[in-house]
Amino acid sequence: SNNHGVNCIDRSIRCCSYLNLLSLLLSINCLHQKIMIIITTAAIAFTLFSLFFIYACAIADPDTSNVGRFCTKELPSFLYQQLEKKLGKKVLSHLNTLMDRAFQLVYLTVVLGSWSIMFCYGYEEIEKSNYISTYHQYSGYVVFLMCMSSFHYACNTPPGSVTARSMSLFDHYDYDDVLYKKQTCPTLKIRKIARSKYDRFTRRHVPRFDHFCGWINQAVGEQNYRWFLLFLTVHVVMCFYGSWAVFRVLYGEVMEKDLLNASFFNAITGAEVQADSWIVFHYLFLRHTQLCSVFILMSVMTVVLCLFLCFHLYITSKNMTTNEFFKWKSVRRWHKKEKQKYEQSLQYREVADKKTNNIESKTSTGVPGELSDVDVGCTGPRGELLQHSASDSEVMDPGQLPTNIYDKGIIANFKEVLYPYSFREEAIQRYMISVSNQRESTKEREGKPKTI
C-alpha cells in the first residue's frame with residue numbers, strides 16, 4: 001500500500017509537470033502570436049507610411065495638394081518653430097549639427113543590421129536549402145562590399161566647388177534666361193554660373209547642383225552625381241537580390257515540408273486547422289522571424305529605391321537636375337495658368353484685339369518674377385520656387401513654353417554625367433590658362449617683373 005501511495009504521488013507530480021509544461025508551451029505560443037501580430041502590423045504600417053511619404057513628398061504638388069503642402073511646408077515649419085521655442089537657437093544649432101549625421105546613422109543601422117542577420121541566420125539556411133545554390137554565400141559578400149564601397153564613394157566624393165579661382169573649370173553652360181540668368185551669388189559675391197547653386201549645408205557653390213542628400217550627408221553636383229547614381233543602382237540590386245535569396249530559402253521550406261497541404265493545430269483551442277497562405281506565413285514568421293523581417297524590409301525598399309532610381313534616370317535622360325526638374329515644373333504651371341488667363345481675357349474682351357482696336361496684344365518674353373534658389377533635398381524643394389513680381393497681375397500672352405536648351409539627346413546627356421565636363425581636357429586647359437593669368441595679374445600688382 002505504501003508503494004501504491006508513492007506511485008500515485010509520483011503520477012500526480014508527473015501529471016502536474018506535464019500540465020505546467022503544456023501551460024508554458026501554450027503561453028509561449030500565445031506570446032509568439034502576439035509578437036507576430038505586432039510585427040505584421042508594424043510591417044504593414046511601414047509599407048503604408050513609405051507609400052504615403054513618396055506621395056506626399058515626391059508626387060503631390062504642394063501648391064495644389066493640401067497633403068503635399070502640409071507635409072513639405074507647414075508641418076516642418078511648425079515643428080522647427082516649436083523646437084526653437086522649447087530649446088532655444090543655440091541648442092537647436094547643436095542639434096542640427098548632430099542631425100546632419102542622423103540619416104547616415106539610420107542607414108548604417110538598417111543596412112549593417114540586415115546584413116548581420118543574413119550572415120548569422122540566412123547563410124545557415126542557404127546551406128541547408130535545396131532551392132538556392134550555396135555559391136550565393138560568396139556572392140553575398142561581393143554584394144556587401146559593393147554596397148559599402150558605393151556608400152563610401154558617394155559620401156566622400158565632393159560635388160565640385162565654384163570659386164573665383166576655379167570658375168573657369170566649371171563654366172560650361174550658357175544662360176537660358178529662363179531658369180538661369182547672369183547674376184552674382186549673394187553669399188560668395190562671385191558670378192553665378194549657369195546650373196550652379198550655393199548649398200548652405202556644405203557651404204559651397206556647387207556646379208550643376210542636383211540636390212542635398214541627407215543619407216550620404218553630401219551635396220550632389222557635377223563631379224559626384226555619377227557616384228550617387230551608382231549608389232542608388234547598387235542598393236536597388238542589393239535589395240532585390242536579398243529579397244530573392246530569402247524568398248528562395250522560405251519557398252524551399254514550404255515545398256520540402258509540403259506546408260500548403262499540412263495540418264496545423266491552434267495553440268489556444270487545440271483545434272486542427274487546414275493550411276492556407278496566411279497560416280503558412282505565420283508559421284514561417286515564427287520559425288524565421290529575423291529572415292522574414294529582413295525580407296519584408298528589403299521588398300519594400302526595392303520598390304521605393306527602384307522608383308527613386310527611375311526618376312533620376314529619367315531626369316538624366318533629359319539633362320535635368322532635381323533642382324531644375326522642380327523649377328521646370330513651376331515654369332510649366334505658370335505657363336498653363338497664364339495661358340488660361342489670356343484665353344479667358346480674349347473671350348471676355350478684357351484684352352484689346354489687334355484687328356478691331358489697332359492695339360497690339362502684349363506677349364511675354366520670359367517667366368515673370370524670379371526662380372529662387374531654395375534648399376533642394378531628395379524629395380524636392382523646401383519652399384516656393386517661383387517668386388511672383390508685382391506685374392504678374394497684368395494679363396498677357398505667355399507665348400510658347402520655353403524649352404530645355406541643355407538637352408542634347410539621351411546618349412550625350414548620360415555621357416555628360418558619367419564623364420563630367422570638368423574632367424575633360426578642354427576644361428582643364430581652360431582652368432590652367434585662367435590660373436596662369438591670375439598669377440601674372442597678382443605679380444603685376446605686387447610690382448614683380450612679368451615672366452616670359
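For the structure itself, consult the block above.
Within any chain, residue numbers begin from 1 and follow the written order of that chain's sequence. Since the coordinates come from a predicted model, pLDDT governs what is reported: local features require at least 70, and pairs of side-chain atoms require 80 or more to be given and counted, while whole-chain, interface and lining totals use all residues. Excluding hydrogens and water, the side-chain figures rest on all heavy atoms present in the structure.

Participant: When you look at the overall build of the chain in this model, what are you seeing that I'm missing?
Facilitator: Think of it this way: any DSSP run of H or I at least four residues long counts as a helix, any run of E at least two long counts as a strand, and we number them from the N terminus. From N to C terminus, the chain includes 13 helices and 12 strands. Buried, partly exposed and exposed residues are distinguished by accessible area as a fraction of the type maximum, computed with a 1.4 Å probe on protein chains only: under 20%, between the cut-offs, and over 50%, respectively. Among the 452 residues that make up the chain, the fraction classed as buried is 37%. Contact criterion: two residues are considered in contact whenever any of their non-hydrogen atoms come within 4.5 Å of each other. Considering only intrachain contacts with a sequence separation of at least 6, the fraction spanning at least 24 residues in the chain is 66%. What sets the accessible areas is the Shrake-Rupley method with a 1.4 Å probe; for residues, cover comes only from the shown protein chains. Of the roughly 26,900 Å² of accessible surface on the chain, 61% is carried by carbon and sulfur atoms.

Participant: Is there a simple way to think about the side chain of Gln-223 in this case?
Facilitator: Mapping Gln-223 onto the fold places it in the loop between β6 (218-220) and α7 (225-256). The class for Gln-223 is buried, based on a relative accessible area of 13%. With sequence-adjacent residues up to four places away left out, Gln-223 is seen in contact with Thr-157, Pro-158, Pro-159, Gly-160, Phe-170, Ser-422 and Phe-423.

Participant: It is not clear to me how the nonpolar core should be interpreted in this structure. Could you clarify?
Facilitator: Each nonpolar core is a collection of buried residues, namely Ala, Val, Leu, Ile, Met, Phe, Trp, Tyr and Cys, held together in the definition by side-chain atoms within 4.5 Å. Judged by nonpolar contacts, the single largest core of 54 residues is most densely connected at Trp-115, Ile-216, Tyr-225, Phe-228 and Leu-284. Those elements that provide at least two residues to this core are α4 (102-128), α5 (136-156), α7, α8 (277-287), α9 (289-317) and α10 (322-347). Top contributing element to this core by residue count: α7, with 13 residues. Among the nonpolar cores identified, the runner-up in size contains 9 residues, and Val-162, Met-167, Ile-190 and Tyr-198 belong to it.

Participant: Teacher, can you tell me more about a nonpolar patch on the surface here?
Facilitator: Here the term patch refers to residues with relative accessible area over 30% and no salt bridge, with like charges joined within 9 Å and nonpolar side chains (Val, Leu, Ile, Met, Phe, Trp, Tyr) within 5 Å. Any Lys or Arg side-chain nitrogen found within 4 Å of a carboxyl oxygen on Asp or Glu counts as a salt bridge. Where nonpolar side chains cluster on the molecular surface, the patch consists of Phe-70, Leu-75, Phe-78 and Leu-79 and spans about 360 Å² of accessible area. Residue classification places Leu-79 among the partly exposed residues on the basis of a relative accessible area of 44%.

Participant: What is the right way to look at helix α13 (residues 425-445) in this model?
Facilitator: Each helix should span, by expectation, one fewer than its residue count multiplied by 1.5 Å. With 21 residues, α13 extends 30 Å from end C-alpha to end C-alpha; this agrees with the ideal 30 Å at 1.5 Å per step. Listed in full, the buried residues belonging to α13 are Ala-427, Ser-434, Val-435 and Glu-440. If you follow the buried residues of α13, they end up packed against α6 (167-170).

Participant: Before we go on, may I ask you to explain the packing of aromatic side chains in this structure?
Facilitator: For any pair of aromatic rings, the description consists of the separation of the ring centres together with the inter-plane angle of the planes. Aromatic rings from Phe, Tyr and Trp, taking only the six-membered ring of Trp, are treated as a pair when their centres fall within 6.5 Å; an angle between ring planes under 30 degrees marks them as stacked, one over 60 as edge-to-face, and anything in between as tilted. All chains considered together, the criterion is met by 24 aromatic pairs. Look at Tyr-131 and Tyr-251: their rings are 5.8 Å apart centre to centre, the planes differ by 85 degrees, and that puts the pair in the edge-to-face class. With Tyr-131 in the loop between α4 and α5 and Tyr-251 in helix α7, this pair connects stretches of sequence that are 120 residues apart. We classify Tyr-131 as partly exposed; its relative accessible area is 30%. Within the aromatic cluster, the residues linked to one another by ring pairs are Trp-115, Phe-119, Tyr-123, Tyr-141 and Phe-144. By definition, being over a ring means that NZ of Lys or CZ of Arg is both within 6 Å of the ring centre and within 35 degrees of the ring normal. Lys-197 extends its terminal NZ or CZ atom over the ring of Phe-209, reaching a point 4.9 Å from the ring centre. Taking the ring centre of Tyr-225 as reference, the NZ or CZ of Arg-208 above it sits at 5.9 Å.

Participant: I'm lost on unusual backbone geometry in this one. Help?
Facilitator: Working note: non-glycine residues mostly have negative phi, and peptide bonds are mostly trans. Phi at Arg-203 takes a positive value of approximately 55 degrees, unusual for a residue other than glycine. Examined against the element boundaries, Arg-203 turns out to sit in the loop between β3 (197-199) and β4 (204-206). With phi around 45 degrees, Arg-208 is a residue other than glycine that occupies positive phi space. With respect to the helices and strands, the residue Arg-208 is situated in the loop between β4 and β5 (211-213).

Participant: In this structure, what is going on with the environment of Thr-157? I would like to understand it.
Facilitator: Within the element layout of this structure, Thr-157 appears in the loop between α5 and α6. The class for Thr-157 is buried, based on a relative accessible area of 16%. With 63 residues separating them along the chain, Thr-157 and Val-220 place their C-alpha atoms 9.3 Å apart. Reaching out from Thr-157, the side chain makes a polar contact with the backbone oxygen of Tyr-153 at a distance of 2.7 Å. We call two N or O atoms a polar contact when they sit within 3.5 Å, provided that within protein one can donate a hydrogen and the other can accept it, with sequence-adjacent residues counted only if both atoms are side-chain atoms.

Participant: What exactly am I supposed to notice about the pattern of salt bridges here?
Facilitator: When their charged atoms lie close together, side chains carrying opposite charge are able to pair. Here the structure, examined in full by the defined rule, presents 9 salt bridges. Among the salt bridges present, the one from Arg-195 reaches Glu-416, with a minimum N-O distance of 3.4 Å. One end of the pair, Arg-195, is in the loop between β2 (191-192) and β3; the other, Glu-416, is in helix α12 (residues 410-418), and 221 residues separate them in sequence. For Glu-416, a relative accessible area of 4% corresponds to the buried category. Each member of the salt-bridge network shares a partner with another, and the members are Arg-195, Arg-208, Glu-324 and Glu-416.

Participant: Explain the state of the cysteines here, please?
Facilitator: The disulfide criterion is simple: two cysteine sulfur atoms within 2.5 Å. Tallied over the full model, the rule gives 0 disulfides. Free of any disulfide, Cys-239 has its nearest neighbouring cysteine sulfur in Cys-147, separated by 8.2 Å. Classification of Cys-239 by relative accessible area gives buried; the value is 6%. Here Cys-310 is not cross-linked by a disulfide; its sulfur's nearest cysteine counterpart is in Cys-306, at 4.3 Å. On the basis of relative accessible area, Cys-310 is assigned to the partly exposed category, the value being 43%.

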